Each structure stands twice: as structure tokens, then as C-alpha cells.
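# Architecture at a glance
Now for the letters of each chain:
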Amino acid sequence: MRIPRTLAAIFATFVCASALAGGIPAVGPDYHGPPGVETPATYKNTPAWKKAEPRDSQAGGEWWKVFRDPTLDKIEAQAMAANQNIALAVDRISELQAQVRVATADFLPNIDTEPDAVRERLTNNGPEQRGELVGQNPFSIPSSSPGAASSLPSNQPLILSTQPLTRTYNVFSFPVDLNWELDLFGRVRRNREAAHATAQAAVADLNNTLLSVTANVAETYYSIRAFDAEISVLERTISTRQDGLRIAQERLGAGLTSDLDVTRAQSDLASDQADLYAVQRSRAEMENALATLLGYPASDFRLARRALIDTRIPNIPAGLPSVLLERRPDVAEAERQLAAANARIGVAVAAFFPVIRLTGAAGFESADMGDIFDWESRMWQIGPSISFPLFEGGRNLANLRASQAQYREQVDTYRQQVLIAFQDVENALADLHTLSDQSDAQERAVASAVKALELSQSQYGKGASNFLDVLDAERTLLSDERVSVQLLGQRLQDTVLLIKSLGGTW
């Protein structure tokens, strides 16, 4: 009955220790959320946008589908599957989730075994073997005993034998060792809290990476489409310039004009051709950037030309400013890093307190390998140990001050991220508002240029003007159209930036 009682006592000891450790509050400050940040009641650049309640269910979704562009949908899916920054963020989450499991493992006892087999020979020249015992004789014979030698002092060392003894023997052991830190002051709890918050920050970082990558894909895509439209306009402009040069050369040959008109026509043609090459170069660079975002080698990726025809600019309501802080993944990441820094203060405070461990060992030990697992070969021990920091050379205090400074750094980082969030939204709203007005004015200019071209063609048909007037009107129209497609591309890109600044939804 002794063995069950012993096991029950050991089990009760661990249960009581565990309950005691879990019932004591952890040292260090508890986290109560990020510091208060002044939130504006509304955005200042919202005269052209309606206020809408946020739809949290759409956060982090396929926001790009609002543009209703099948090609954009396809390349966004490719980026989600193959972008290396996204893959890196996913792997980072796996790493930090494993670190959480490592921190959680400290709540449990460490149990290991180290079987050992030793053959040992004792020295023949040791004091025990040579009989050179010093000190009080433990085997002194009382003087009243029969046969006692009265001449032998009671404190005289007893020499049992002067012949050296030889002992050679085997020791086989199979121990199981246990070591368990009792988390009385919360070091393990605070460490796990920090690891968990850091893992949550990695999830927010993944969301931020997804938003950044998909926004960069859309922005780059619409830059390419704007270049495509501009190339189409420039090609038509060059064709018109070539017609004008041909007419000027014919008029020069007929003596109806001077070399100056031909030279001007040649200069205009060369200038437009140079603009075309510049736009083509910019398009090629954007196409290569898009290939990298999609996980393709730049040499293997091609995006067919397509002008911005009937592209609809979605109306994105800005929503409530206070909700922005709940949607932005970069703000969420900064807040989780703040929670982790707060927990690390508790870890640093716990270093000032003693560390209490329960240690134990059980197993078998025998001089004969055949008897090692016999019941008589059993052995066990259990007991607590305590480690108290008496002198650390100021290390613990320095670590505490460092962790407190890191917390303050994270507070500053969080507040700065909030300010950047509002700045991004205001910039995007201001750009879209002014670009909308500019586009309206440019559309009026295009309409006037169309009307001027129609009038010049009508007058030319009636013989009231020459063909050069028609060419000039056509060039003016093409120039206005080029500016118009540039503005359209910029508005699409700024719409993407607004969605990004709002956290991927609205």
C-alpha cells in the first residue's frame, strides 16, 4: 500500500502547486488597450462623398471586384497565390504560432530520461582502501565491554585492515527526471501573453500585406491601362502629324508655303514620336513591376494592350473616421505589438522574484543489467528548489527599464500609425475630389475640341477653309483626349489608394 500512497502524495503535490501558481496574479501591468487617440468627427475632404456606415463583414475581402474588370480579377487571384511578400507573411505567422506553443509548453513539467551504463573501478590508493581514516573512530569499543582493550583511546582511529581493497563493479540506471517551474509570479504567463500578441500582430501584418499587394497590383494595372490609352492617342496624333507634314511638303513643292511650315511640321511629328517612346518605356517598366507582384519572371509576362474604354469609377463613401482605426490592418498590427510590449514588462518584473521549481526523479538502478527492472531496483526522489536573485549587477533593473522604454516606443509607433491612417484618407479624398473637378473641366475641353473639329470639317467641305485647319483642330482634340485619359488613369489609381487607406473596405 505504500506505493499507491506515495504516488497519490506526489500527484497531490503537483495539483496543489499548479492551483497555487494559477491563483496568484501575474506581476507587471495588465493590458487595457491602446492609449486614447483623438479621432476627428468627420473627414474634411468629403464634400463629394456621402457618409456611410462601415460594413465590417467585407473587411479584407475581394475589394477589387468593385471595378468589375475580369482581367483585374484574374491577376489579383494570381498575386494572392504567388506573391512572395504574401508567402513570407504566411510563413511568419507559422513561425510565431509555433513560438506561442513553445511559450505554452513552459506551463507543463519537463520530463526526460537519460539511461546510463557504467563500469567503474575504485582506486586502491584511496584513504578508505589504505586504512588511513582520520577523526573519531566510529567503531571504538566501550571500556566496559568484555575483552575491551583499556589501552586503546576512544578517539583513536580504528584501522580495520592495511591491505588495499579492489572493487570493480557495474552500474545500470534508467532514470526519469522531472523539472517543473511553478509560475507563482507570472513569468510564464506574461511570456505567453507576449508571444500570443506577437502572433496576432503577424496576422495583422498578413492582412496589411494582402491589402498592400492587391492595391499595388490594381494601381499598377490601371497605370498600364492609362499608358495603353495614351499610346493609342499618341499613335493617332502621329498619324495626323504625318498627314500635316505631307501636305506642307506638297504645298512647299507647289510654291504655296515656305520651309518654315515644313520644319514646324517635322518638329511636331518628332516631338510626338518622342512622347510615344517615353510612354512605351514607362509601360514596359510597369508591366515588369506587375510581373514581380504576380510572382512571374519579368521576361515571361505579357499583358495585352487595352485602352481605358467605358471604365467606370466606383463611388467609394469614406465612412466614419472612428471606424478607420478598427479596419486598418497596420493600425491593428501596431496595437498588437503594443500589447506584446506591455506583457514583456511583466516578464522583466518577474525576474526580480524567486523562481520555484519542483524537481523529481524516478526509475531503476542496478549493478546487474538483468535485474535493472526488478521491483527491488526501483528508486525515486522529489523535492522543491528555489532560486532567488541576490545580485545581478543591475541586469534585471536594466532589462525592466529597457522593456518600459520599448513599450513607450510602441505607444509612439501606434499613435504615428493612426496619424498616418488619417493622412492617407484625407490625401486620397482630396485627390479624388480635385481630380473629379479637373476631369469635368477636361471633358468640357474635349467636347469643345470635338465641336471645333466638326466646324472645321464642315467649312473645309464648303471650301471656306483649307485642310490644315482641319488638321489643327484634330491635333487639339487629340491633345485634349490625351490629358483626359491621363486624368482617368489617375482617378482610378487614387480610388485604389482610397480603398487601401480605408483598410480594404468602406
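Now for a description of the structure that goes with this document. (Residues numbered from 1 in each chain as written. Predicted model: local features only at pLDDT ≥ 70, side-chain atom pairs only at ≥ 80, totals over all residues. Heavy atoms only, no water.)

Within the protein one finds 10 helices and five strands. Looking at the protein as a whole, 37% of its 506 residues are labelled buried. A total of about 28700 Å² of accessible surface is found on the protein, and carbon and sulfur atoms cover 53% of it. (Helix = DSSP H or I, 4+ residues; strand = E, 2+ residues; numbered from the N terminus. Buried < 20%, exposed > 50% of the residue type's maximum accessible area, 1.4 Å probe, protein only. Areas by Shrake-Rupley, 256 points an atom, 1.4 Å probe, with all protein chains shown as cover.)

This brings us to the packing of helix α8 (residues 329–350) against helix α9 (residues 395–461). In the contact formed by α8 and α9, the axes pass within 9 Å of each other and the chain directions differ by 170°. Taken together, the axes of α8 and α9 are roughly antiparallel relative to one another. Mapping the contact onto sequence places Asp330, Val331, Ala334, Glu335, Gln337, Leu338, Ala341, Asn342, Arg344, Ile345, Ala348 and Val349 in α8 and Asn399, Leu400, Ser403, Gln404, Gln406, Tyr407, Gln410, Val411, Tyr414, Gln417, Val418 and Ala421 in α9. (Axes fitted to C-alpha atoms, helices over the stretch in contact; angles between N-to-C directions. Parallel < 35°, antiparallel > 145°, perpendicular 65-115°, else oblique. Contact = heavy atoms within 4.5 Å.)

As for its placement among the helices and strands, Met369 is situated in the loop between β4 (355–366) and β5 (378–387). Residue class for Met369 comes out partly exposed when judged on its relative accessible area of 49%. Separated by 197 residues in the primary sequence, Met369 and Phe172 place their C-alpha atoms 6.1 Å from one another.

This part takes up the nonpolar core. Counting 50 residues, the largest nonpolar core has Trp63, Phe67, Leu72, Val217, Leu290 and Leu498 as its most contacted members. Sorting the residues of this core by element identifies α2 (70–82), α3 (84–105), α5 (187–253), α6 (259–293), α7 (321–327), α8, α9 and α10 (467–501) as the ones contributing at least two each. At 12 residues, α5 tops the list of elements feeding residues into this core. Apart from residues no more than four positions distant in its own chain, Leu72 is found in contact with Trp64, Phe67, Ala218, Tyr221 and Tyr222. Residues Ile231, Leu234, Leu245 and Val262 belong to the second largest nonpolar core, which totals 11 residues. (Core = buried A, V, L, I, M, F, W, Y, C linked by side-chain atoms within 4.5 Å.)

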